[in-house]
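# Coordinate inspection notes
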Amino acid sequence: MSTALVGGRVFNGKGFVAGLGVVIEGARIAAVVPEAEALARADSRHDLAGGRLAPGFVDTQVNGGGGVLFNDELSVEAIEAIGAAHRRFGTTGFLPTLISDDLDAIDQALRAVEAAIAAGVPGVLGVHVEGPFINAARAGIHDKAKFRLLDERAIALLTSIRAGRTLVTLAPELTEPGMIRQLADAGVVVAAGHTDASYEEIREALDAGVTGFTHLFNAMSPMASRAPGATGAALEDPKSWCGIIVDGRHVHPAVLRLALRSRPLDRFMLVTDAMPSVGLSEKTFTLQGQTITVEDGVCVAPDGTLAGSDLGMAAAVRNTVEMLGVDEAAAARMAGLNPASFLGLDHELGRIAPGQRADLVLLDDAGRAQGTWIAGHFASS
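The present account deals with the structure reproduced in this document. From a predicted model like this one, the values you see are computed outputs, not experimental measurements.

### Points about unusual backbone geometry
The amide bond that connects Gly131 to the next residue, Pro132, takes the cis arrangement and shows omega of 15 degrees. Tracing the backbone shows Pro132 in the loop between β12 (126–130) and α4 (152–158). Despite not being glycine, Ala219 shows a phi value in the positive range, around 60 degrees. Checked against the element boundaries, Ala219 lands in the loop between β15 (210–213) and α7 (229–236). In this structure Ala219 comes out as partly exposed when scored by relative accessible area, which is 23%. Located in the positive-phi region is Ala375, a residue other than glycine, with phi close to 50 degrees.

The structure is reproduced here in structure tokens:
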């Protein structure tokens, strides 16, 4: 069976264009053609009701959602619940994110993700292991008691996943370039984060295989006039990808606007760093024995430490347009194509084009998600 999506405006990579229809056959996009041709080719139609059709959002940092924290529930059911919560806000691909924990928990997380992919849980693309190979000086909300150095046992575990992508956030100054190279050569995506590294240490890590930076500006050595730090190295490098949390609290919008001017825009990607409160009216939860409260969309520990966000991807896209002055097309790429490229999945995600997986989001004029398709299957928001 094939379906023609018609009656809206379709994202073509540069903007939203009226008069186009998208034909879905099974899990893939079969054609992007004038609406009349799309209707002639398809067995059924889906009326977009004047909405805007964009590539589905890809979020590489999702700690939780729908009342579930991945660290607390390392299971297929937890991954499914987190994905369902974020799907309502336009996320069609995500990495369940495990914050610093012991190796047994990492093993359980990897096995849960493998099982979720095998079971066909919608949207799960792999796993993000954020720590425990990070610097206590930039711990943020992470439990320092869990921190450890990267070693051969950990590398063997991190490279053991048999399905999906593995993203690892680590502090490069606490390991050796050769170990970073081992991970990268095995297909692991390596990002620098929760790091107190010097500019020189980050440059060495980039040469060894680091390709991204986790929540730019947050939990990393800042840029100063004589010490560029991790932040300066990230802003200077034109090839690596920088994740940014656009909620107006993690980073001041003026700082993000300056960052966007400093390097190619196609190397920035939106992330939520979302916590269990996303998708719930209840805005408190427990993390590592602490009660976390949502204040103005930000999750805060009792001592004021930021503890992730209450952000959905659709809101992140809106904030990027409204707070940062980015045009809608670029914001859509920052939420779709750019993170897909970071993960090496741009051959099938991030564009509305023949052959791509039919992962799509329908937005209203205010940028709110009205529905999504994941591998061709529709769900309203």
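### As for a negative patch on the surface
On the surface, Glu176, Glu200, Glu201 and Glu204 cluster together to form a negatively charged patch. Relative to the elements of secondary structure, Glu201 occurs in helix α6 (residues 199–208).

### A few points about helix α5 (residues 177–185)
Restricting attention to buried positions, one finds in α5 the residues Met179, Ile180 and Leu183. Here the buried residues of α5 occupy an arc of 100 degrees about the axis, which is enough to place them on one side. Lining the buried residues of α5 we find α4, β13 (165–170), β14 (189–192), α6 and β15.

How each quantity is defined
- Residues numbered from 1 in each chain as written.
- Predicted model: local features only at pLDDT ≥ 70, side-chain atom pairs only at ≥ 80, totals over all residues.
- Heavy atoms only, no water.
- Helix = DSSP H or I, 4+ residues; strand = E, 2+ residues; numbered from the N terminus.
- Buried < 20%, exposed > 50% of the residue type's maximum accessible area, 1.4 Å probe, protein only.
- Patch = residues over 30% accessible without salt bridge, like charges linked within 9 Å, V, L, I, M, F, W, Y side chains within 5 Å.
- Areas by Shrake-Rupley, 256 points an atom, 1.4 Å probe, with all protein chains shown as cover.
- Salt bridge = Lys/Arg side-chain N within 4 Å of Asp/Glu carboxyl O.
- Lys, Arg positive; Asp, Glu negative; His and termini not counted.
- Charge placed at Lys NZ, Arg CZ, Asp CG, Glu CD.
- Arc of directions from axis to C-beta.
- Contact = heavy atoms within 4.5 Å.

So far we have only geometry, and geometry alone does not tell us how the molecule works.
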